[in-house]
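The primary structure of each chain is shown beneath.
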Amino acid sequence: MAQPKYTTHVGMDDILPGEVEKWQTVEEIIRETAREFNFDEIRTPILEQTELIARGVGQQTDIVSKEMFAFERGDDQYVLRPELTAPVVRSYIEHHLDQRGGTQNLFYIGPMFRAEKPQKGRKRQFHQFGAEILGSSEPVADVDIIQLMMRIYEKIGITNTELKINSVGTPEEREQYVQALRDHFRPHESELSEVSQRRLEKNPMRILDSKEDEDQPFIEKAPVIIDFLGKQSMQHYKRVKELMEHNEIPYQEDPHLVRGLDYYTHTAFELISPDLGSQDALGGGGRYDLLAEEIGGPSTPAVGFASGIERLLMACEALDIDLHREAAVDVYIVTIGQKANDWALSKLKVLRNKGISATMDYQGRSIKSQMKDADRENARYTIIVGEQELSDNAFTLRDMQASEEEALAFEEIVDRLSQHSTADVKS
RNA sequence: GAGCCUGUAGCUCAGUCGGUUAGAGCGCCAGGUUGUGGCCCUGGAGGCCGUGGGUUCAAAUCCCAUCAGGCUCCCCA
């Protein structure tokens, strides 16, 4: 089709009626589950200071080095948030949430922005939900965060998933490990794939999740990070695994799992769906004990996860999970003539105030067209109004499913429908 | 950033050895039923064939560019 003059920006999709209802279902399940886990919602601005993201997420990451939507206005540097862990920690520090005592258990849902080349399951504006436990270094926190994530997918019906876990240790341990990796791969540098050769200096850990065939033999023999963990890191990892087993959470250890962001320490995890294509990561997370300090706050151990809503919806589609609830209206008032039309408008208010959802024709169309429209809108009832009904105060109430009609006074109709209404009655 | 594929009505798609006014199904609008939806029948509206350029007597069809989408790589949600 010819392109309209104005369209959305590349990689930024409208979510239209029909699709929105699925999002609402998912969001309700997320909120409901978060409540069950005693997590509170937090909402932060879409725009953050560029420096926060650069420091928090890490200068070397792809996100910061090439995927930020950033701009300048006056002396201020703005960036559209590419993820929400750093902003949540910023908020925690800024508002001294640690002073509220205990841990802060927070969850969020909202849009994120990354300036990547879009493809299926990877948009420039995409949506994530996630949760963070701030103020605990205990393995129970790691495991409960994983349980929250898994429970949401379970409730939605996505159970065919693989949970991978690993420990990425402390920065010191990681540095030793990275050195060992370089030593391991360097003798074979010329035999590695092109991308992996580039990673050798920049980020050797990335070689581990290479999909290139020629890299595989060297990856198999590569040292694993577990062997470089100190006593405390090892103990933490061991406890996490124990707790996972006690709570019957199936997982797979993946010694090659590394996270894309710099702030992770110790536990790292990722949830994969074999039902998706190349973008098979549903969500991921881990522990980030050093992030708060890194961005100028008090030392705050923390753990969290983030999940993509688009990916979740893709998985639902692949699994034929029906999230769609049909939109419906309780009453559609069908009118014949100007007087009836005026009457209908005033009665919509009476119905709605009783919590009965109600609508009417806005186009002055024929009764047949209005009935058709009522059908399309999934009206449970129609009220048919003409001159005769007005003078008799006897209106035709038609049950659209049963195709039965009854002549009733308007007050009787209201009483009748009050009992059948599905809308929430606002007090 | 790299490679490959695709782009025809609102939607899903036919139509290419280049050849008169570009089609179907669904959807939309109207009528059949002058006050009654879903099924059925009839009619109608709606396309510079993604955009720009080129080849040709002639282009939806061939060529180039560009934009958009998809798949893979990269990376990740």
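Residues numbered from 1 in each chain as written. Chains lettered and ligands numbered in written order. Predicted model: local features only at pLDDT ≥ 70, side-chain atom pairs only at ≥ 80, totals over all residues. Heavy atoms only, no water.

1. Digging into the layout of surface pockets
Cut-off, in case you're wondering: Grid points spaced at 1 Å and placed over the protein atoms alone form the basis of the search, with a cavity being a set where a 1.4 Å probe fits but cannot get out and a pocket an open set showing protein on both sides within 12 Å along at least five of seven lines. Lining residues have an atom within 4 Å of a point. Grid points are joined across faces, edges and corners, and a volume is the space filled by probe spheres set on the points. Here a strand is any run of E in DSSP of at least two residues, a helix any run of H or I of at least four, and the numbering for each starts at the N terminus. The classification used treats Ala, Val, Leu, Ile, Met, Phe, Trp, Tyr, Cys and Pro as nonpolar, Asp, Glu, Lys and Arg as charged, and all other residues, Gly among them, as polar.
Each pocket or cavity is described by its volume, and for the second largest pocket that value is around 490 Å³. As for the second largest pocket, its lining consists of 20 residues, of which Glu19, Glu310, Leu313, Met314 and Glu317 are closest to the centre. Among the elements of the structure, helix H1 (20-36), strand S6 (125-134) and helix H11 (309-318) are those that each provide at least two residues to the lining of the second largest pocket. Examining the composition of the lining of the second largest pocket, we find that 5 residues originate from one element, H11, more than from any other. Looking at the lining of the second largest pocket residue by residue, the classes come out as 8 nonpolar, 3 polar and 9 charged.

2. Some thoughts on the protein's contact with RNA strand B
What counts is decided by this rule: A single heavy atom is enough: if one lies within 4 Å of a molecule or strand, its residue is considered near that molecule or strand. Here a polar contact is recorded for every N or O atom pair within 3.5 Å, except that within protein the pair must consist of a potential hydrogen donor and a potential acceptor, and residues adjacent in sequence are included only if both atoms are side-chain atoms.
Close to RNA strand B lie 47 residues; Lys120, Arg122, Arg199, Arg206 and Ser403 are nearest. At 2.8 Å, a side-chain N or O of arginine 311 approaches a base oxygen of RNA strand B. Here a phosphate oxygen of RNA strand B sits 2.6 Å away from a polar atom, N or O, in the side chain of arginine 376. Put simply, the parts of the chain that give the surface near RNA strand B at least two residues each are S6, helix H7 (194-202), strand S10 (281-287), helix H13 (367-376) and helix H14 (387-392). Residue composition of the surface near RNA strand B, by class: 12 nonpolar, 13 polar and 22 charged.

3. Details of empty space enclosed by the protein
All told, the structure shown has 1 cavity of 30 Å³ or more when counted by the stated rule. Size it by volume and the largest cavity reaches roughly 40 Å³. Broken down by secondary-structure element, the contributors of at least two residues to the lining of the largest cavity are H1, strand S5 (104-113), S6 and helix H5 (139-156). The element contributing the most residues to the lining of the largest cavity is S6, with 3 residues. The residue inventory of the lining of the largest cavity, partitioned by class, reads 9 nonpolar, 1 polar and no charged.

4. A look at the packing of helix H2 (residues 50-57) against helix H4 (residues 85-94)
Quick reminder of the rule: Angular values range over 0 to 180 degrees, each being the angle between N-to-C directions of two axes fitted as lines to C-alpha atoms, with helices fitted over their stretch in contact. In this scheme, roughly parallel covers angles under 35 degrees and roughly antiparallel covers those over 145, while 65 to 115 is roughly perpendicular and the rest are oblique. We call two residues contacting when some pair of their heavy atoms lies within 4.5 Å.
Between H2 and H4, the shortest axis-to-axis distance is 9 Å and the interhelical angle comes to 110°. In terms of their interaxial angle, H2 and H4 are classed as roughly perpendicular. Along the contact surface, H2 presents Leu52, Ile53 and Gly56, while H4 presents Ala86, Pro87 and Arg90. Of the residues that constitute the contact of H2 with H4, the class distribution is 4 nonpolar, 1 polar and 1 charged.

5. Some details on a nonpolar patch on the surface
What counts here: Like charges within 9 Å and nonpolar side chains (Val, Leu, Ile, Met, Phe, Trp, Tyr) within 5 Å are joined into patches, using only residues over 30% in relative accessible area that form no salt bridge. Note on areas: Shrake-Rupley with a 1.4 Å probe; residue coverage comes only from the protein chains shown. We define a salt bridge as a side-chain nitrogen of Lys or Arg found within 4 Å of a carboxyl oxygen belonging to Asp or Glu. Think of it in three bands: with a 1.4 Å probe and only protein chains considered, a residue is buried below 20% of the maximum accessible area for its type, exposed above 50%, and partly exposed in between.
Together, Ile46, Leu47 and Phe71 give the surface a local cluster of nonpolar side chains, amounting to about 220 Å² of exposed area. Here isoleucine 46 is to be found in the loop between strand S1 (40-41) and strand S2 (47-49). The exposure class assigned to isoleucine 46 is partly exposed, which follows from its relative accessible area of 34%.

6. Description of the domain arrangement of chain A
Threshold: An automatic or database domain assignment supplies the start and end points of every domain.
What the domain assignment reports for chain A is domain 1 (20-169 + 229-318) and domain 2 (331-426). Once you take the C-alpha centre of each, domain 1 and domain 2 turn out to be 48 Å apart.

7. Some points on the sheet that holds strand S4 (residues 76-80)
What counts here: At least two DSSP bridges between two strands are needed for those strands to be called paired.
As summarised here, the arrangement of the 3 strands in space is S2-S4-S3, forming an open sheet in which the pairing is antiparallel. The sheet terminates laterally at S2 and strand S3 (70-73), the two strands that pair on one side only. Between one strand and the next, the sheet's axes are offset by a mean angle of 40°, whatever the strand orientation.

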